[in-house]
Amino acid sequence: MVAGFGNVLRGDDGFGVAVAELLSRAPVPPEVTVTEVGIGGIHLVQDLLAGQVELLIVVDAVEVGRAPGTVVILEPPIDDVLGMSVNERRDALADMHYATPDRALLLATALEVRPASVVIVGCQPVDADTWEQGLSGPVAAAVPAAAAEIRRLVAQAGVAWPEPTGRSAGDDG
């Protein structure tokens, strides 16, 4: 499953949604689900509850202190939900929107539906806080590279996902 997170009204924060949209425009292998989570991470958790997911690829703008437009692959931390006090657990799990991947993955862990393999394909934003539509130039240019990286990760997991036909490698736009 590929899940694109982000708020399209906050500039570069819409990166994950843009990548999911790009991937969905070309044929997707039947073994793969591409979903635009947006800011509704609870929908991702519902999808995980509905079926067996072996690999979850979360796509999002991430602040990693690199040059804007840099695509990175990260492994998200696994929070010890059972090690939290009752009050900490209640506070952490009370928000039903789960707008960030971390919050959605925390709930998935608590419900024991978090896949064993989760990776984040992220992109360093220029600005993910300003209220504006559209990605900055460097982040928009990173969308095809992120899509290619996702296809590579899925192929590495054993599901062939060829480059879109009629385009050169890395040119998904």
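Figured I'd write up the structure that's included with this text. (Residues numbered from 1 in each chain as written. Predicted model: local features only at pLDDT ≥ 70, side-chain atom pairs only at ≥ 80, totals over all residues. Heavy atoms only, no water.)

### Considerations on the pairing of strand E5 (residues 117–123)
For the record, the criterion: Burial classes: relative accessible area under 20% of the type maximum marks a residue as buried, over 50% as exposed, and values in between as partly exposed (1.4 Å probe, protein chains only). Each helix is a run of H or I in the DSSP string that is no shorter than four residues. Each strand is a run of E no shorter than two, and both are numbered from the N terminus. Any two strands are treated as partners once DSSP identifies two or more bridges connecting them.
Of all the seven residues making up E5, six are buried; the element is thus mostly covered by neighbouring parts of the structure. Pairing of strand E3 (residues 55–61) with E5, which is carried by seven bridges, proceeds in the parallel orientation. Of the residues in E5, the one forming a bridge with Val-58 is Ile-120.

### Focus on the nonpolar core
Rule in force here: To qualify as a nonpolar core, a set must consist of buried Ala, Val, Leu, Ile, Met, Phe, Trp, Tyr and Cys residues joined through side-chain atoms within 4.5 Å.
By size, the foremost hydrophobic cluster in this structure holds 26 residues, and its most contacted members are Val-2, Phe-15, Val-19, Leu-23, Ile-57, Ile-150 and Trp-161. Of all elements in the fold, only helix H1 (15–25), E3, E5 and helix H5 (137–156) reach the threshold of two or more residues within this core. With eight residues, H5 is the largest single contributor of residues to this core. Counting 20 residues, the second-largest nonpolar core is a separate cluster that includes Val-37, Ile-42, Val-53 and Val-118.

### Some details on H5
Cut-off, in case you're wondering: In this scheme, a helix's expected span is set at 1.5 Å multiplied by one less than its residue total. A residue's bend is given by the angle between axes fitted to the 7 residues ending at it and the 7 residues starting at it. Note on contacts: a residue pair is in contact if any heavy atoms of the two residues lie within 4.5 Å.
For H5, built from 20 residues, the straight-helix expectation of 28 Å at 1.5 Å per residue is met to within 8% by its first-to-last C-alpha distance of 30 Å. The largest bend in H5 is about 30°, located at Val-143, with the proline Pro-144 one to four residues further on. Of the residues making up H5, those classed as buried are Val-139, Ala-142, Val-143, Pro-144, Ala-146, Ala-147, Glu-149, Ile-150, Arg-151, Leu-153 and Val-154. As for H5, its buried residues are in contact with strand E1 (2–5), H1, E3, strand E4 (71–74) and E5.

### Regarding the layout of surface pockets
Inclusion rule: Any residue with an atom within 4 Å of a point lines the site, the site being either a cavity, points on a 1 Å grid over the protein atoms alone where a 1.4 Å probe fits but cannot get out, or a pocket, an open set with protein on both sides within 12 Å along at least 5 of 7 lines. Grid points are joined across faces, edges and corners, and a volume is the space filled by probe spheres set on the points. Think of it as three bins: nonpolar holds Ala, Val, Leu, Ile, Met, Phe, Trp, Tyr, Cys and Pro, charged holds Asp, Glu, Lys and Arg, and polar takes everything else, Gly as well.
Approximately 330 Å³ is the volume attributed to the largest pocket. Considering the residues around the largest pocket, the lining is formed by 14 residues, among which Met-1, Glu-31, Glu-54, Leu-55 and Val-159 are closest to the centre. Class assignment of the residues belonging to the lining of the largest pocket gives a composition of eight nonpolar, four polar and two charged. Taken as a whole, the second largest pocket encloses approximately 270 Å³ of empty space. What lines the second largest pocket is a set of 17 residues, among which Asp-60, Ala-61, Thr-100, Pro-101 and Asp-102 lie closest to the centre. Broken down by secondary-structure element, the contributors of at least two residues to the lining of the second largest pocket are E3 and helix H4 (101–110). Here the lining of the second largest pocket is composed, by residue class, of 10 nonpolar, three polar and four charged.

### Looking at the sheet that holds E1
Basically, it comes down to this: Helix axes use the C-alpha atoms of the stretch in contact, all axes being lines fitted to C-alpha atoms, and the angles between their N-to-C directions lie in the range 0 to 180 degrees.
Here we have five strands laid out as an open sheet, ordered E2-E1-E3-E5-E4, and mixed in their pairing. The open sheet has two edge strands with one neighbour each: strand E2 (34–38) and E4. Strand-to-strand, the axes of this sheet are offset by a mean angle of 20°, without reference to chain direction. Contacting E1, E2, E3 and E5, H1 crosses the sheet at an angle of about 155° to E2. Here H5 sits on the sheet and contacts E1, E3, E4 and E5; the angle it forms with E5, its principal contact strand, is near 160°.

These figures come from the coordinates and say nothing about function on their own.
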